[in-house]
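Working through the structure, step by step
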Amino acid sequence: MAAKGKRSAGRIPAEQLDTILQGDCIETMRTLPDASVDLIFADPPYNLQLGGDLSRPDNSRVDGVDNDWDQFESFKVYDEFSRGWLTEARRILKPDGAIWVIGSYHNIFRLGTSLQDLGFWMLNDIIWVKTNPMPNFRGTRFTNAHETLIWAARDQKSRPTFNYTAMKAGNEDVQMRSDWLFPLCTGEERLKGEDGKKTHPTQKPEALLHRILMATTQPGDVVLDPFFGTGTTGAVAKMLGRHFIGLERDEAYIVAATARISDVRPVEKRDAAPMPSPRAAPRVPFNQVVEAGMVRPGTMLYCAKRKYAARVKADGTLAIPSKFGKSVEVDQGSIHKIGAAVQKAQACNGWTFWHVETDTGLKPIDTFREQIRRNGK
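Below is a summary of the structure that appears in this document.

Definitions and limits used
- Residues numbered from 1 in each chain as written.
- Predicted model: local features only at pLDDT ≥ 70, side-chain atom pairs only at ≥ 80, totals over all residues.
- Heavy atoms only, no water.
- Helix = DSSP H or I, 4+ residues; strand = E, 2+ residues; numbered from the N terminus.
- Buried < 20%, exposed > 50% of the residue type's maximum accessible area, 1.4 Å probe, protein only.
- Contact = heavy atoms within 4.5 Å.
- Areas by Shrake-Rupley, 256 points an atom, 1.4 Å probe, with all protein chains shown as cover.
- Axes fitted to C-alpha atoms, helices over the stretch in contact; angles between N-to-C directions.
- Parallel < 35°, antiparallel > 145°, perpendicular 65-115°, else oblique.
- Left-handed = near helix turned anticlockwise from the far one by under 90°.
- Nonpolar A, V, L, I, M, F, W, Y, C, P; charged D, E, K, R; others polar.

Our focus in this paragraph is the overall build of the chain. Scanning the chain from terminus to terminus reveals 12 helices and 14 strands. Looking at the 377 residues of the chain, the share that counts as buried comes to 44%. The long-range fraction of contacts in the chain, counting pairs at least 24 apart against all pairs at least 6 apart in sequence, stands at 67%. Accessible area of the chain: about 20,700 Å², with a carbon and sulfur share of 50%.

This is the structure:
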């Protein structure tokens, strides 16, 4: 059970990390310190407005969501519940923290309103397109083939983690889009009881949480899931070297989640970290390349098509050959300034623009910068 008492600020006690706290999510969150969590993933009750049992064409019953925890007397009661846990969620998020909330058409729009009313700052809505959706057996509506996720920062001034470079590189160097294709949780991943029935009706696929955590956390971050269920968030967090805190009131779910997470083998630390952004890498000035003897003074640099050339000086600046005459305004300066000058451009990334001649052809001078960074680690 969650410990009662006065809460501190800023850090989760070590004994609460990587654990499941049993109890009501709102009451349990109230025991957690202010500004102590990096990310929240929430899969709250959907408040499905089901009108009786759902049957297949052969009259067999569909195993849908009819649990007590998904039943609310009215929209008003559901909204009060949502604002209660979201208020606590915002309190325990760090200043640059963020939240993910997933839902269906029954509840996601109400949750979106509550998020904005409470001061969260919308970043994206993500559409999880289910590649194997459950058909609409009655034939009265379109097949419901997606769910919506909202990604929001704690407030407008927050600067939440977004591993843009890693997401792009892992997506074949194309920007990651907001429509994600994943199948429903099936097969061996789906937890089932001894009776063969699903342990939890809305268990999320690990692939979905894998992308969320790789995109918006760093190793060692604390991820809270206030509706822990069978522990998908905890299992993926453990595998990726993130800390988790699960909140769950159902004993059966806790037992299943605990067993599941205990079987998870974490990846090595070096493999858990996302690809860093170039902006986050240590700054290396070009004169450091010259000082290291990687490019000697007097060496000629060329653009990729050999249309432009410049000479390296001992101080790490570049000089434009006299053949350019007065066709450019600047004849000596940084790799960036001279790259822009010869192109008559506003700006230039000199690291990728300039190349040096080698036995195998032209090589970008950026390779020397990367070598210095690697050697410096």
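Having seen it, we continue.
In this structure, glutamate 172 is a non-glycine residue whose phi angle is positive, near 60 degrees. Mapping glutamate 172 onto the fold places it in the loop between α4 (164-170) and β6 (179-182). Here glutamate 172 falls in the exposed class, since its relative accessible area comes to 72%. One non-glycine residue, aspartate 173, lies in positive phi territory at about 60 degrees. Turning to its location among the elements, aspartate 173 is positioned in the loop between α4 and β6.

Mapped onto the elements, glycine 170 comes out in helix α4. Taking C-alpha positions, glycine 170 is 9.2 Å from methionine 275, a pair spaced 105 residues apart along the chain.

Our focus in this paragraph is the packing of helix α6 (residues 232-239) against helix α7 (residues 251-262). In the contact formed by α6 and α7, the axes pass within 9 Å of each other and the chain directions differ by 15 degrees. In terms of orientation, α6 lies roughly parallel with respect to α7. Between α6 and α7 the crossing geometry is right-handed. Where α6 approaches α7, its residues Thr232, Gly234, Ala235 and Lys238 are matched on the opposing element by Arg260, Ile261 and Ser262. Classifying every residue of the contact of α6 with α7 gives 2 nonpolar, 3 polar and 2 charged.

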